[in-house]
Amino acid sequence: MMDLHDRLTTLAGPPGATSAEQADADVARGRRALRRRRLFRSAGASAFAVAALAAAVTYGVSGGTGSPADTTATGTSAPAVVTTRLVAYQGAQPKGFTIDKVPAGWEVQGVNASVLTIAPKGLADKNVDSFVGKIAIMLQSADDHSTPTGTAVQVGDKPGVINKTPDPGNVKDLWVKQPNGLWLQVQIWDATGWSDAAIVEFGAGIHVLPGAVQGRG
Amino acid sequence: MKTERDEQFHSFVLSHRAALIRTATLLTAGDGHLAEDLVQSALTKLYVAWPSFRRADNPEGYLRRTLVNALTDERRRWWRRHERSVAELPDRPHPAGPGEDDQNDGLRAALRELPPKMRAALVFRYFYDLDVADTADALGCTEGTVKSQTARALDRLRGVLAETEIPLTGVTR
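Below you will find a few notes about this structure.

The rules behind each value
- Residues numbered from 1 in each chain as written.
- Chains lettered and ligands numbered in written order.
- Predicted model: local features only at pLDDT ≥ 70, side-chain atom pairs only at ≥ 80, totals over all residues.
- Heavy atoms only, no water.
- Salt bridge = Lys/Arg side-chain N within 4 Å of Asp/Glu carboxyl O.
- Helix = DSSP H or I, 4+ residues; strand = E, 2+ residues; numbered from the N terminus.
- Buried < 20%, exposed > 50% of the residue type's maximum accessible area, 1.4 Å probe, protein only.
- Phe/Tyr/Trp six-rings, centres within 6.5 Å; stacked < 30°, edge-to-face > 60°.
- Lys NZ or Arg CZ within 6 Å of the ring centre and 35° of its normal.

## Some points on the pattern of salt bridges
Argument step 1. Summed over all chains, the structure comprises nine salt bridges over all chains.
Argument step 2. Lysine 172 of chain A serves as the salt-bridge partner of aspartate 196 of chain A, at 3.8 Å between the closest nitrogen and oxygen. Taken together, the positions of aspartate 196 of chain A in helix 3 (residues 196-204) and lysine 172 of chain A in strand 9 (residues 172-177) put the pair 24 residues apart, joining distant regions of the chain.
Argument step 3. On the accessibility criterion, aspartate 196 of chain A (32% relative accessible area) is partly exposed.
Argument step 4. Beyond isolated ion pairs, a larger network of salt bridges with shared partners links Asp26 and Arg29 of chain A together with Arg17 and Glu36 of chain B.

This is how it looks when you write it as C-alpha cells:
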C-alpha cells in the first residue's frame, strides 16, 4: 500500500529534461516582463514629474508648515527645479510607523503589515504594493542581509546611508539603521528636487514601531 | 545580446525547471497545463527580481515563496490570458503504471478540493519533508497555521479518499 509521500511522488511525475529552447523561452519572457516594468516605471516617473512641474511650485526645505509665500513660479528658460518642501504631518498615524513630516501636497496613502506608501494627494494608483511615483517606507527585506552602501549620513541619532538604485529614473533610497540592527528603507521614486539634507530631514521624522514587520523578496 | 543576468538565469532554468514543474504539478493538484503556467509565472517573477534572488540567504526558500505567491496571486489570471508562448506542453513520460491511474485520479480530486495554501502546506510537509518552520516560511504564515492547515488538509484528504476506497497511510501529524 502506498503512503502519501509515494502517492505524491507518483502524481508529481518523473523529472523530465529541460531543453535549451525552454530555457530560452523563459529568458525571453523574463526580459519582456523586465522591459514592461521599466517602461511602466519610467512612464510613471515622467507622468509624476510633469504633474509636479505643472504645479509650478518651487519648494524650499522647511521644518514649518507651508504658506502661499513659499510658492514661486520658476519663470526662466532653464529647466524648472522642483525642490521638496516638508510640512508637518497632521493625519492619522499609520500602523508600524509614525511620521513627523511629509512633502507638501502629499498624504499617507496606503499601509500594510510591511510597507507604508506616501503619495501626492489624489494619486489614482492606490495599490500599496506599487511604488511608482510614491515614497515607500519599509524595513529591509528579510531576504536581504546585505549592508547598504552609499553616502553616509546621520539621521537624527541614527547612522544612515543614501544611495541611488540601479533602476532607470532617479530612484533614491535612504537607509537608517535601527537600534535592533534592522535597516529602515525609505525609497523615493523620483528624488528630483530632493537634496540629501531634505531626505535626511524626512527620514529623521520616521519612527519605526515594534509592530513593523519585514517584507520578503 | 545576452546579458550576465540572462546567462545566469538560463543556467538556473536548465538545472531547476524540471523540479519546479514537479512541485507545481502538485501545487495545482495534478493539472499539467496550470503547472506549466505557474512555473512560467514564477520564473518570470524570478528573472525580474534576479538580483534579490542572488542575494538571498536561502535561495531555495525564496524559490518556494515565489511559487506560492504565483499560485495565490489573483493577478495570475492576467498572466494566463497573456502568456501563451508554449503551444503544447513539453513531452513528459506518463507517470502512472497499471492500476495507478485510479489512485492518481482519487488523489488529484482530493487535492483539488483543498484551498491552494492548504494544498501547498501538504505538499511541502509530505512531499518535500520540510519541517514546520520552513513550510511556514514558504507560505508566509505562522508555524501554528501550518500545523492547523496540515491537520485539516489530512482530514479532508482522508474524507475524500475514503469515498474512493483508497486509504491514506504513512502520515503523522
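That shown, we press on.
## Examining the packing of aromatic side chains
All names here are of chain B.
Argument step 1. Per the stated rule, a full pass over the model turns up nine aromatic pairs over all chains.
Argument step 2. A centroid spacing of 5.1 Å and a plane angle of 85° characterise the contact between phenylalanine 9 and tyrosine 47, whose relative ring orientation is edge-to-face. Taken together, the residues phenylalanine 9 in helix 1 (residues 4-27) and tyrosine 47 in helix 2 (residues 32-48) connect sequence positions 38 residues apart.
Argument step 3. Of the residues examined, phenylalanine 9 reaches a relative accessible area of 0% and is grouped as buried.
Argument step 4. Seen in terms of ring centroids, phenylalanine 9 and tryptophan 50 are 5.5 Å apart; in terms of plane orientation they differ by 85°. Their pairing is edge-to-face. Here phenylalanine 9, found in helix 1, pairs with tryptophan 50, found in helix 3 (residues 50-55); they are 41 residues apart in sequence, far enough to count as distant. Of the two residues, phenylalanine 9 and tryptophan 50, both sit in the buried class.
Argument step 5. The aromatic ring of tyrosine 47 is capped on one face by arginine 5, whose charged end is 5.4 Å from the ring centroid.
Argument step 6. Directly above the ring of tyrosine 126 sits arginine 125, whose terminal nitrogen or CZ lies 6.0 Å from the centroid.

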